[in-house]
Amino acid sequence: MGLEEGTSSQERGGGGGRGWGMRCLVRRKQVDSDRVKVGERHQQLNKILSIPQLIAIGVGSTIGAGVYVLVGTVAREHAGPALTISFLIAGIAAALSAFCYAELASRCPSAGSAYHYSYICVGEGVAWLIGWALILEYTVGGSAVARGISPNLALFFGGQDSLPFFLARAHIPGLDIVVDPCAAILALTVTGLLCMGIKESSSVQAVVTAANVCVMLFVIIAGGYIGFHTGWVGYSVASGYFPYGVNGMLAGSATVFFAYIGFDSVASTAEEVKNPQRDLPWGIGTALSICCFLYMMVSIVIVGIVPYFAIDPDTPISSAFARHGMHWAMYIVTTGAVLALCSTLMGSILPQPRILMSMARDGLLPPFFSDVNKQTQVPVKSTILTGICAASLAFFMDVSQLAGMVSVGTLLAFTIVAISILILRYVPPDEVPLPSSLQESIDSISLHYDSQEIKTKDIAGVETDSQKPQGGISRAKGVEVSAEYPLIMKESNQDKLDEQVRRKRAALSIASVCIGVVILTFSASATFLAIYISYLACSVGGLLLLAGLGVLSWIDQDNGRHSFGYSGGFICPFIPFLPIMSILINTYLLVNLGTGTWIRVSVWLVIGVFVYIFYGRTHSSLTDVVYVPLAHADKIQRTSSDFVA
């Protein structure tokens, strides 16, 4: 833990960034703290958000128009009347990730969300891929949402082709594309709103989200009224409550799980929250609970008033009311769909500028993206660029075929956040990156610690009786050690060795869990494998998973977790079972997204690799740092005039 370790750490931080080695991929930045270096203080965002605004952002980003279609498709093809249980299981699975997000968001309340957490806990290489994947997710997701608004809006004008000419879709024969001016205008409008400030945009999103929730409450109340008067005919079908069996219900859960994606947008606003340790966990948890409740209640009503096999897969809610003479309800439901899409569009564009800003602060992207407007206190340049890209995609492309790529970014983020929780609890970073300008202070403190260790070892060595002074106290070079306790030094060294062994076991166990999950989910989902090979691979993966889980359950968690980041926030329960279950579920969903989706995502990720190699790797803020032991960092910072409390 002395000078030699500091020197080797310096090679890991500085040399790895400029060379072609792999060290740059595993370098980690310092966890958020109250101590900020003068001259490198980032432009701060406006801390204005509280629990109500966070709930509005979470609910608005999660409840999209998909729920107005999803209930029909899943009920007809997978779950039947058991659709409600499918939503419940999917909600519980999403809650596993929400618990992990809640702890990390309260400990590390900075913009960047999963990118920021993985940079602190895992390393720069993984963090870059997560950030790059999230850029794709929010861009394509926002474009897809904007593209879906115009067909719903057209219903108010009399039909699909009844929009005013300046909003209607048009086919360009030479290019064989269908442009959508309405989608582009809406994306640019939302971008302008976000540039005005987080207070203004969150207020508008709260109003839109509240209106959408009112529409869903209308569906629940009016549908419940119809159900009680008609005897809930949907639950009296001859095939029973599970027409497709338990497997069908679970397949439905895997499908509706994606209806819960969006609550992670709350974590991206962490830097704009007044009291992140208290408000962020409440915002994430409450938003997800509200979404789960609304989904379940709507599914109870719709599959109850119409038999599942008779539900219209395209307009399940409107057609359900029309079957009972309430044709006018179509306009209310369509209003809800439009409001849900607008709110989701805001939730899609809001996080991306903050992730770009966080990556630019770390040097992985140009400084252009980190600029914060002094008046509105939002990253205006990043927001405008994000809005232009989303509007362009929505105008020129039918991005429905790219919708699966949105899920890849989200599921990768969910998986890495769960892994980060395991790392935080069992092997949190024990070194801190400091600027090389502090080399003099680092050498001085390291030499001081080295000399103390040498002195203590000398005193703990063999000492003749003639050398012992009266009173049983040995004195050497100003250090006192009681001769009555000659094993103190040995016990201290043994404790250090035991801790090193514990950390190695924990790291290997986390790796075993991750490898086991990948093997298990891939072999269970790969239909091209022979049966005996699939069973063998599943057995190997399952054993690795259980072995890692068993060791993590047996060994103690790291004491450093108590001082990791900010204290006083939410603590994720049921470690290590909860994050491992989250890893297993998210990896299974990733594996089953389809080959075409992975090919398209791989192209984007390969582009990201080249961007990192030729820019991010050499411009990273960690290219010229010295890694010092955590125990030395505070003293080094206190002795340096470059740091202030």
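Conventions and cut-offs
Residues numbered from 1 in each chain as written. Predicted model: local features only at pLDDT ≥ 70, side-chain atom pairs only at ≥ 80, totals over all residues. Heavy atoms only, no water. Helix = DSSP H or I, 4+ residues; strand = E, 2+ residues; numbered from the N terminus. Buried < 20%, exposed > 50% of the residue type's maximum accessible area, 1.4 Å probe, protein only. Contact = heavy atoms within 4.5 Å. Areas by Shrake-Rupley, 256 points an atom, 1.4 Å probe, with all protein chains shown as cover. Patch = residues over 30% accessible without salt bridge, like charges linked within 9 Å, V, L, I, M, F, W, Y side chains within 5 Å. Salt bridge = Lys/Arg side-chain N within 4 Å of Asp/Glu carboxyl O. Axes fitted to C-alpha atoms, helices over the stretch in contact; angles between N-to-C directions. Parallel < 35°, antiparallel > 145°, perpendicular 65-115°, else oblique. Left-handed = near helix turned anticlockwise from the far one by under 90°. Phe/Tyr/Trp six-rings, centres within 6.5 Å; stacked < 30°, edge-to-face > 60°.

Novice: Help me understand the overall build of the protein in this model?
Specialist: When helices and strands are tallied, the protein shows 23 helices and 8 strands. The burial tally for the protein puts 52% of its 645 residues in the buried class. Residue pairs at least 24 apart in sequence account for 84% of intrachain contacts in the protein once pairs closer than 6 positions are excluded. Surface accessibility of the protein: about 28,200 Å² in total, with carbon and sulfur atoms responsible for 65%.

Novice: Hey, could you run me through a nonpolar patch on the surface in this one?
Specialist: A contiguous nonpolar surface patch, about 450 Å² in accessible area, is contributed by F156, F157, W328 and Y331. Within the secondary structure layout, F156 lies in the loop between α7 (124–154) and β2 (170–172). Judged by its relative accessible area of 37%, F156 is partly exposed.

Novice: Help me understand the pattern of salt bridges in this model?
Specialist: Side chains carrying opposite charge are able to pair once their charged atoms draw close together. The full count for this structure, using the stated rule, is 13 salt bridges. Notably, a salt bridge pairs R354 with E272, separated by 2.8 Å at the nearest N-O pair. Residue R354 is located in helix α15 (residues 351–361), and its partner E272 is located in the loop between α11 (265–268) and α12 (276–305); the two are separated by 82 residues in the primary sequence. On the basis of relative accessibility, which here comes to 2%, the residue R354 falls in the buried class. Ionic pairing is found between R502 and E499, a salt bridge with its closest N-O pair at 3.0 Å. Pair noted here: R502 and E499 are both in helix α19 (residues 488–525), with a separation of 3 residues, about one helical turn. Among the charged side chains, a salt-bridge network with shared partners connects D430, E499, R502, R503 and D558.

Novice: Explain the packing of α7 against helix α16 (residues 380–396) to me, please; I cannot follow it from the model alone.
Specialist: Each packed pair of helices is defined by two parameters, the angle between the axes and the distance between the axes. Where α7 meets α16, the axes come as close as 8 Å, and the angle between the chain directions of the two elements is 50°. If you check the angle between α7 and α16, you find them oblique. Handedness of the crossing formed by α7 with α16: right-handed. Here T139, S143, A146 and R147 of α7 come into contact with α16, specifically with C389, A390, L393, A394, F395 and F396.

Novice: Explain the packing of aromatic side chains to me, please; I cannot follow it from the model alone.
Specialist: Two descriptors summarise a pair of aromatic rings, namely the distance from one centre to the other and the angle between the planes of the rings. Following the criterion strictly, the structure yields 25 aromatic pairs and no others. Measuring from ring centre to ring centre gives 5.3 Å for W128 and W132, while their planes differ by 20°; the resulting arrangement is stacked. One end of the pair, W128, and the other, W132, are both in helix α7, 4 residues apart, so they sit about a helical turn from each other. W132 shares its class with W128; the two are buried. When the centroid spacing of 5.9 Å and the interplanar angle of 55° are considered together, the rings of F218 and W328 count as tilted. Taken together, the residues span a long stretch of sequence, with F218 in helix α9 (residues 198–230) and W328 in the loop between α13 (316–322) and α14 (329–349) at a distance of 110 residues. Members of the aromatic cluster, joined through ring pairs, are F228, W232, Y235, Y241 and F242.

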